[in-house]
Amino acid sequence: MIDMTARVAECGYPGYWDAVERFVRNYIREAQFFITPEYEALYRSLHPGEEGDKGLAMARDFEGGFQGAMGINDRCYAGTTMDMMGCCMPEGMRALHTAWLNTVKRDKAGVRVNMCFDRDAPEAKVVSFAPKQGRMTVTAKVADAFRLRPPAWAPRDRVKAYRNGVAAPVAWDDGYVAFDNVAPGDALTLTWPVLRFVQTQHVKN
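Residues numbered from 1 in each chain as written. Predicted model: local features only at pLDDT ≥ 70, side-chain atom pairs only at ≥ 80, totals over all residues. Heavy atoms only, no water.

Asker: Hey, could you go over the overall build of the protein chain for me, with residue numbers and the actual values?
Answerer: When helices and strands are tallied, the protein chain shows five helices and 11 strands. Along the longest, intermediate and shortest principal axes, the C-alpha atoms of the protein chain span 65 × 40 × 25 Å. The buried share among the 205 residues of the protein chain stands at 37%. Relative to all contacts within the protein chain whose residues are 6 or more apart in sequence, the contacts with residues 24 or more apart total 56%. Element-wise, carbon and sulfur atoms account for 55% of the exposed surface of the protein chain, whose accessible area totals about 12,600 Å². Between the averaged position of the 26 positive side-chain charges in the protein chain and that of its 25 negative side-chain charges there is a distance of 6 Å. (Helix = DSSP H or I, 4+ residues; strand = E, 2+ residues; numbered from the N terminus. Buried < 20%, exposed > 50% of the residue type's maximum accessible area, 1.4 Å probe, protein only. Contact = heavy atoms within 4.5 Å. Areas by Shrake-Rupley, 256 points an atom, 1.4 Å probe, with all protein chains shown as cover. Lys, Arg positive; Asp, Glu negative; His and termini not counted. Charge placed at Lys NZ, Arg CZ, Asp CG, Glu CD.)

What follows is the structure, given as structure tokens:
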């Protein structure tokens, strides 16, 4: 799904990068399995003693893998079952790689920052302040035109731009804020308000 959405965004519909970012943040990231202190405490309460030690040792071999068949608001769909199917591992990694690869892209028009993810790319270093703040700072590594994309839902009249800490004009270019004549070392920042909204989804039984 992330791969197809990225292809649609690349074909001239940049608003679809929002869907890639939301899916990675809200699903893929949550599906990646790590043994947290809470998980270990729960596991040991269910499997005390030597049985728990053996089970946790085996579970550590799966850290970094991806769970499948997750519920809408849970990491399992039936009781305490966590499924890590053979398709979930490679596809989870492909999803992360797709988002990572497309965060910064360079083409004949310049350098585009499509999503608000941390990325240290050859063209620029992106520092994301999401989800706590609507902000990204991009430090250029090459001389080129830069285009930084805030979320499509951000009110355009409340998006602000800064170059090296100084307020800059907000010049829109197909959903991106344009920074021209950027030199290596320039720090480009966008800010936007973090909005609250509710979506209703109808799920068939």
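On we go.
Asker: Let's hear about the pairing of strand S10 (residues 176-182): which residues, and what values?
Answerer: Taken across its seven residues, S10 has five buried, putting it largely inside the fold. Of the pairings in the sheet, the one linking strand S9 (residues 172-173) to S10 comprises two bridges and is antiparallel in character. Note on S10: the bridge partner recorded for Trp 172 is Val 177. (Pairing = 2+ DSSP bridges.)

Asker: Describe the pairing of strand S4 (residues 124-128), listing the residues and the values that go with them.
Answerer: Side chains Ala 124, Val 126 and Ser 128 project from S4 onto a buried face, and the interleaved Lys 125 and Val 127 project onto a face without burial. Pairing of strand S3 (residues 119-120) with S4, which is carried by two bridges, proceeds in the antiparallel orientation. When the bridges of S4 are listed, Arg 119 appears paired with Val 126. Between S3 and S4, which pair antiparallel one after the other, the connecting turn spans three residues. Across five bridges, the pairing between S4 and strand S5 (residues 135-140) is antiparallel. Opposite Lys 125, over in S5, you have Thr 139 as the bridge partner. The hairpin turn running from S4 into S5, its antiparallel successor, is six residues long.

Nothing here speaks to function; it is geometry throughout.
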